[in-house]
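Below, each chain spelled out in residue letters.
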2 protein chains.
Amino acid sequence: MTGIDAPPHPFDTAIATEYVGTHQLAGHTCPDYANMVGPFGGVTAAALLRAIERHPERLGDPLSLTVNYAGPIADGPFEITARPVRTNRTNQHWQLELAQDGAIATTATAVFGIRRDTWSALELAMPSVPGPEEADPQVFPEFIAWGRNYELRFVAGAVPDIAAAGAEPGHPDSVSTLWLRDSPARPLDFASLAALSDAFFPRVFLRRGRYLAAGTISLTVYFHATADELAAQGTEYLLGSARANRFGHGHFDQNAHLWGHDGTLLATSHQLVYYKD
Amino acid sequence: MTGIDAPPHPFDTAIATEYVGTHQLAGHTCPDYANMVGPFGGVTAAALLRAIERHPERLGDPLSLTVNYAGPIADGPFEITARPVRTNRTNQHWQLELAQDGAIATTATAVFGIRRDTWSALELAMPSVPGPEEADPQVFPEFIAWGRNYELRFVAGAVPDIAAAGAEPGHPDSVSTLWLRDSPARPLDFASLAALSDAFFPRVFLRRGRYLAAGTISLTVYFHATADELAAQGTEYLLGSARANRFGHGHFDQNAHLWGHDGTLLATSHQLVYYKD
């Protein structure tokens with residue numbers, strides 16, 4: 001459905017906030033993008049990024065975003081504070097907070113900036129894998145609502161089969177490789193790219209072959225793509241890969257890479273995740 | 001030199017700050033750790049981390065640290081604000097700022113927490129390389145003062161030879177692998193680990209075979225090590241590796257890994273760097 005009378009995409013509804021002051025925005029959680037506890041972290045990251053994009057003092061496009069998930073976000077209204085703390089000639093630094101009833105639930109920092117032509121090189125080439133049409137679609141279990149807003153076609157390291165939980169041995173490594181995009185399809189932009197960079201389930205599920213308590217503590221996204229490169233993706237699948245380096249003492253790191261269907265490295269992301277096991 | 005009458009290690013002098021209010025600290029840049037413009041980013045990161053470590057409300061040990069270098073830090077005094085914005089049962093979230101004359105030069109967020117025993121696994125094993133005694137020591141050129149505070153023994157991807165600058169072709173990839181430690185030797189702790197995670201020169205120097213204008217915009221460090229694992233390193237060399245994924249439009253990402261001599265993955269770090277070329 002397109003045209004001016006079409007309803008907004010559920011993702012745009014989920015990340016929508018309204019400026020109620022110079023640096024204050026009001027928002028509301030969206031059940032479509034709920035996670036096991038509170039909203040999907042990617043949609044929170046996207047709402048924060050979108051708040052900056054809509055700020056009248058914003059300079060350029062996103063370069064980096066770090067979101068710290070300080071506490072659970074309850075279903076209901078929240079307030080975002082988005083403040084440009086330093087504006088240079090070609091970049092701008094932001095501090096953000098998301099609060100409910102005066103208690104900070106999320107903090108973030110972001111760098112926006114102007115991109116210009118320079119010498120360039122891609123070192124992390126897109127892996128050569130079968131196309132999305134050759135990979136089976138897979139869905140998260142019912143209790144992960146946000147998963148229904150993404151088409152996920154795994155080439156390697158799929159979501160553990162909940163029916164076999166406990167019986168299935170853990171995967172020998174934490175690597176997942178998959179084609180993914182919004183569902184229903186939606187043209188890619190910086191906000192959806194931020195959310196997609198968090199759309200990889202916790203690596204500890206893969207290693208343990210089952211679901212367990214786990215949650216992102218801190219997420220950092222580096223935006224490599226220009227706005228033109230994003231626009232060129234349209235609604236095509238992206239190829240994503242994710243893996244962890246070390247699990248221990250209740251925490252692990254999780255790195256992810258997202259390429260466009262044309263092989264452009266669009267974003268890299270990193271997160272620190274807690275788990276109980 | 002040891003003992004209670006020994007002068008502090010230059011690193012401890014460089015990262016020292018003094019609490020002048022509940023959340024305010026006063027510090028001063030240190031010429032020993034100067035970079036081309038302002039201080040070495042790693043020593044700024046370490047000063048911010050140490051400010052939290054010394055805060056009376058601090059809970060646990062560092063889990064993650066993100067530092068955004070918003071503007072140049074001039075030689076002279078600076079003020080740090082370090083505020084715990086949310087304290088949970090097992091972790092604590094911090095917001096920090098470093099300002100000079102009221103202008104914000106650096107922002108940061110950090111997560112500290114309590115580590116506990118869990119299932120564990122190392123996926124990123126230490127590469128098998130010749131020991132530090134078999135690698136030649138290398139120094140940065142004179143204009144990079146902070147480099148003199150580290151012993152760097154490169155196994156691969158050494159600093160470009162400034163004498164050959166322009167004549168030397170760029171390296172085919174951006175990978176450096178090296179043994180490194182403080183000079184003079186200093187027992188490893190979280191603050192020095194934070195600084196060491198930024199002690200890899202900008203990957204664009206390696207690819208281009210020469211020095212050019214480049215600087216870190218945002219640095220994130222994930223601390224995998226427990227305090228006991230750090231203490232076990234003593235003053236031994238660490239093995240570090242660094243590489244970039246994509247260079248383009250004036251920015252590149254740089255990832256680094258640091259292992260202890262015993263193969264423990266101590267920290268992983270990520271940074272976004274601007275460059276002119």
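Keep in mind that what you see is a predicted model, and the values were worked out from it rather than measured. (Residues numbered from 1 in each chain as written. Chains lettered and ligands numbered in written order. Predicted model: local features only at pLDDT ≥ 70, side-chain atom pairs only at ≥ 80, totals over all residues.)

### Re the relation of the copies chain A and chain B
Item 1. Mapping chain A onto chain B calls for a rotation angle of 180 degrees and an axial translation of 0.0 Å; the resulting RMSD is 0.0 Å. The transformation relating the two chain copies, once decomposed into turn and shift, fits a two-fold axis.
Item 2. A high fraction, 100%, of the interface residues of chain A reappear at the interface in chain B, so the copies pair face to face through one surface. (Least-squares fit on C-alpha atoms with pLDDT ≥ 70 in both. Contact = placed C-beta atoms within 7 Å.)

### What to know about the interface of chain A and chain B
Note: interface size is frequently given as the accessible area lost on complex formation between the parts.
Item 1. Taken together, the contacts link 51 residues of chain A with 51 residues of chain B.
Item 2. Here the side of chain A that touches chain B takes 5 residues from strand S15 (residues 265-275) of chain A, the largest share from any one element.
Item 3. Looking at chain direction, strand S13 (residues 246-248) of chain A and strand S7 (residues 121-122) of chain B are connected through 2 bridges and run antiparallel. The residue of S7 of chain B that forms the bridge with phenylalanine 247 of chain A is alanine 121 of chain B. (Helix = DSSP H or I, 4+ residues; strand = E, 2+ residues; numbered from the N terminus. Pairing = 2+ DSSP bridges.)

### What to know about the pairing of strand S14 (residues 251-259) of chain A
Residue and element names in this part refer to chain A.
Item 1. Among the 9 residues in S14, 9 count as buried, and that is most of the element.
Item 2. With burial as the criterion, each face of S14 is covered, one bearing His251, Asp253, Asn255, His257 and Trp259 and the other bearing Phe252, Gln254, Ala256 and Leu258.
Item 3. Across 5 bridges, the pairing between strand S12 (residues 238-243) and S14 is antiparallel. Within S14, the residue paired with serine 241 across the bridge is histidine 257.
Item 4. Two successive antiparallel strands, S13 and S14, enclose a turn made up of 2 residues, where histidine 249 displays a positive phi of approximately 55 degrees.
Item 5. One ladder, built from 9 bridges, connects S14 with S15; its direction is antiparallel. The residue bridging glutamine 254 from the neighbouring strand is glutamine 271, located in S15. (Buried ≥ 20, exposed ≤ 12 C-beta atoms within 10 Å, placed from the backbone.)

### What to know about the environment of tyrosine 275 of chain B
Item 1. Here tyrosine 275 of chain B is to be found in strand S15 (residues 265-275).
Item 2. As a C-alpha pair, tyrosine 275 of chain B and leucine 48 of chain B span 227 residues in sequence and 25 Å in three-dimensional space.
Item 3. When neighbours within four sequence positions are excluded, tyrosine 275 of chain B is seen to be in contact with Thr118 of chain A together with Pro202, Val204, Leu212, Ala213, Ala214, Gly250 and Phe252 of chain B.

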